[in-house]
Amino acid sequence: MRTIGLTGVMGAGKSSVIRILQEEGITVLDCDAVNAQLLQKHEEGYTALIQMFGTDILNDEGNIMHQRMSDLIFCDPEKKRQAEGILHPLIKKRIFEELALHAKESIVVVEVPLLFEVHWEDAFDEVWVVACDEELLLSRLKLYRHISKEEALRRLRLQLPQQEKIKRADVVFYNNSDSASLKRQICDILNMKRQLR
């Protein structure tokens, strides 16, 4: 099995790449989904975060309030580091448990939104990056996620710059055109990988 870490800046089109990969029969694991699972009541992440930050992060039903948690960690770099120190190893452990269940597949892709930022490059055989022109990226964020240009630029500054991600990637998919163009790029890479088996 060849493991692929898939990443890219917010709005570049990772979800479009994932949809095409799944249409082509490729298993894609999602770190955000694993993170959400870990925050469920009585899960490892849930328990560890309460031990670290107390019950103020819980609502009346005993569930973690995501907005309160987000406000807490993004206003305090030390709390952010503490939360990531708890969750990232748990996410990685669970992802690799899931990968083991797909050992007979030739390629498995793992979406890791902040792959370079959390230094997971060496966890995978290859890193694939989804990229697109900045103006297009900003217009997509405004159109589909209703994020203003100013807010989008603020959030993007918190991530490794797109050009740096491109430099570090083994494969780059440029999502500057339509879905047919993106699909051609992905299928070309998949066909090449299949021929190398």
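Residues numbered from 1 in each chain as written. Predicted model: local features only at pLDDT ≥ 70, side-chain atom pairs only at ≥ 80, totals over all residues. Heavy atoms only, no water.

A. Here's a closer look at the overall build of the chain. For the chain, the helix and strand inventory stands at nine helices and five strands. Along its sequence from the N terminus, the chain presents helices and strands in the succession β-α-β-α-α-α-α-β-β-α-α-α-β-α. What you see for the chain is a C-alpha radius of gyration of 18 Å, in line with the 16 Å of a compact globule of 197 residues. Across its three principal axes, the chain shows a C-alpha extent of roughly 50 × 45 × 25 Å. Counting over 197 residues, the chain shows a buried share of 43%. Here the contacts in the chain between residues at least 6 apart in sequence split such that 72% fall between residues at least 24 apart. Accessible surface, the chain: about 11,100 Å² in total, of which carbon and sulfur atoms supply 50%. The averaged location of the 31 negative side-chain charges in the chain is 2 Å from the averaged location of its 27 positive side-chain charges. (Helix = DSSP H or I, 4+ residues; strand = E, 2+ residues; numbered from the N terminus. Rg over C-alpha atoms; globule rule 2.2 N^0.38 Å. Buried < 20%, exposed > 50% of the residue type's maximum accessible area, 1.4 Å probe, protein only. Contact = heavy atoms within 4.5 Å. Areas by Shrake-Rupley, 256 points an atom, 1.4 Å probe, with all protein chains shown as cover. Lys, Arg positive; Asp, Glu negative; His and termini not counted. Charge placed at Lys NZ, Arg CZ, Asp CG, Glu CD.)

B. Molecular detail of the environment of His-119. In this fold, His-119 is placed in the loop between strand E3 (107-111) and strand E4 (126-131). Along the chain, His-119 and Ile-189 lie 70 residues apart, while their C-alpha atoms are 24 Å from each other.

C. Fine view of the packing of helix H6 (residues 134-145) against helix H7 (residues 149-157). Running from N to C, H6 and H7 point in directions that differ by 115°, and their axes come no closer than 9 Å. When you trace H6 past H7, the crossing you get is right-handed. Contact residues: Glu-134, Glu-135, Leu-137, Leu-138 and Leu-141 in H6; Lys-149, Ala-152, Leu-153 and Leu-156 in H7. Split into classes, the residues belonging to the contact of H6 with H7 amount to six nonpolar, no polar and three charged. (Axes fitted to C-alpha atoms, helices over the stretch in contact; angles between N-to-C directions. Left-handed = near helix turned anticlockwise from the far one by under 90°. Nonpolar A, V, L, I, M, F, W, Y, C, P; charged D, E, K, R; others polar.)

D. Local environment of helix H2 (residues 31-38). Buried within H2 are the following residues: Cys-31, Val-34 and Leu-38. The buried residues of H2 occupy an angular sector of 60° when the element is viewed end-on, so they sit on one face. Close packing links the buried residues of H2 with strand E2 (27-30), helix H3 (44-53), helix H5 (77-101) and E3. Of the residues flanking the start of H2, the one acting as N-cap is Asp-30, its side-chain oxygen 2.8 Å from the backbone nitrogen of Asp-32. (Arc of directions from axis to C-beta. Polar contact = N/O pair within 3.5 Å; in protein donor to acceptor, adjacent residues only side chain to side chain.)

E. Highlighting the packing of aromatic side chains. A full pass over the atoms with the stated rule returns two aromatic pairs. Arranged with centres 5.5 Å apart and planes meeting at 90°, the rings of Trp-128 and Phe-173 form a pair that is edge-to-face. Of this pair, Trp-128 sits in strand E4 while Phe-173 sits in strand E5 (residues 171-174), and the two are 45 residues apart along the sequence. (Phe/Tyr/Trp six-rings, centres within 6.5 Å; stacked < 30°, edge-to-face > 60°.)

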